[in-house]
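Structural overview
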Amino acid sequence: MKFKFENLIIWQKAMDLGEEMNALAYKFPKEELYNLSSQVRRASDSIALNISEGSILQSDAEYRKFLGYAIRSTARSSDVFA
C-alpha cells in the first residue's frame, strides 16, 4: 500500500534531492563534517518530510502550511551554496 504523497512528483524530486545532498555532504572537508554537512542534510531531508506530513493531514490549510515549510527548507538548502 502506498501513501498518497508517494505519487506526488514534487515529493519524489525532494527525495532525489535529499539523496544528492547526502552524497555531496560526504565530500565536504572534515572540518565541516558535523556543521555544514549536517545542516545541508537536515534541510534537504525536511523538504520531503514536510510534503509527506502535510499530505496526510485533514485540511487544505494544513497542507499549504506544510508546503510552506518545505519551500523554506528548500531556500535554506540553496542558501548554503550561495
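See the structure shown above.
Reading the values: rules and limits
- Residues numbered from 1 in each chain as written.
- Predicted model: local features only at pLDDT ≥ 70, side-chain atom pairs only at ≥ 80, totals over all residues.
- Heavy atoms only, no water.
- Helix = DSSP H or I, 4+ residues; strand = E, 2+ residues; numbered from the N terminus.
- Buried < 20%, exposed > 50% of the residue type's maximum accessible area, 1.4 Å probe, protein only.
- Contact = heavy atoms within 4.5 Å.
- Areas by Shrake-Rupley, 256 points an atom, 1.4 Å probe, with all protein chains shown as cover.
- Phe/Tyr/Trp six-rings, centres within 6.5 Å; stacked < 30°, edge-to-face > 60°.
- Expected span 1.5 Å × (residues − 1).
- Bend = angle between axes of the 7 residues up to and from the residue.
- Polar contact = N/O pair within 3.5 Å; in protein donor to acceptor, adjacent residues only side chain to side chain.
- Salt bridge = Lys/Arg side-chain N within 4 Å of Asp/Glu carboxyl O.

Focus on the overall build of the chain
Assigned secondary structure in the chain consists of three helices and zero strands. Secondary structure elements of the chain, listed N to C terminal, follow the sequence α-α-α. With 82 residues in all, the chain has 30% of them scored as buried. The long-range share in the chain, meaning contacts at least 24 apart out of those at least 6 apart in sequence, stands at 57%. Total accessible area on the chain is roughly 5800 Å²; 57% of this is exposed by carbon and sulfur atoms.

Thoughts on the side chain of S55
Inspection of the secondary structure puts S55 in helix α2 (residues 36–55). For S55, a relative accessible area of 4% gives the class buried. When near neighbours in sequence (up to four residues on either side) are disregarded, S55 contacts K4, F5 and Y63.

Things to note about the packing of aromatic side chains
Per the stated rule, a full pass over the model turns up three aromatic pairs. On the numbers, 5.5 Å between centres and 10° between planes, the contact of F3 with F5 is stacked. By relative accessible area, which is 47% here, F3 ends up partly exposed. Centroid distance F66 to Y69: 5.3 Å. Interplanar angle 80°. Geometry classified as edge-to-face. Here F66 pairs with Y69, and both are found in helix α3 (residues 60–79), just three residues apart, close to one helical turn.

Quick look at α2
The end-to-end C-alpha distance of α2 is 29 Å, a good match for the 28 Å that 20 residues give at a rise of 1.5 Å each. S46 marks the point of greatest bend in α2, at about 25°.

Digging into the side chain of S52
Within the element layout of this structure, S52 appears in helix α2. We classify S52 as buried; its relative accessible area is 11%. Looking at S52, its side chain comes within polar contact range of the main-chain oxygen of L49, at 2.9 Å. Look past the residues within four positions of S52 in its chain and what remains in contact with it is F5 and W11.

Considering the pattern of salt bridges
Close approach of charged atoms allows side chains with opposite charge to pair. By the definition in use, this model includes one salt bridge. K65 serves as the salt-bridge partner of E62, at 3.4 Å between the closest nitrogen and oxygen. With E62 and K65 both in helix α3 and three residues apart, the pair spans about one turn of that helix. Judged by relative accessible area, which is 30%, E62 ranks as partly exposed.

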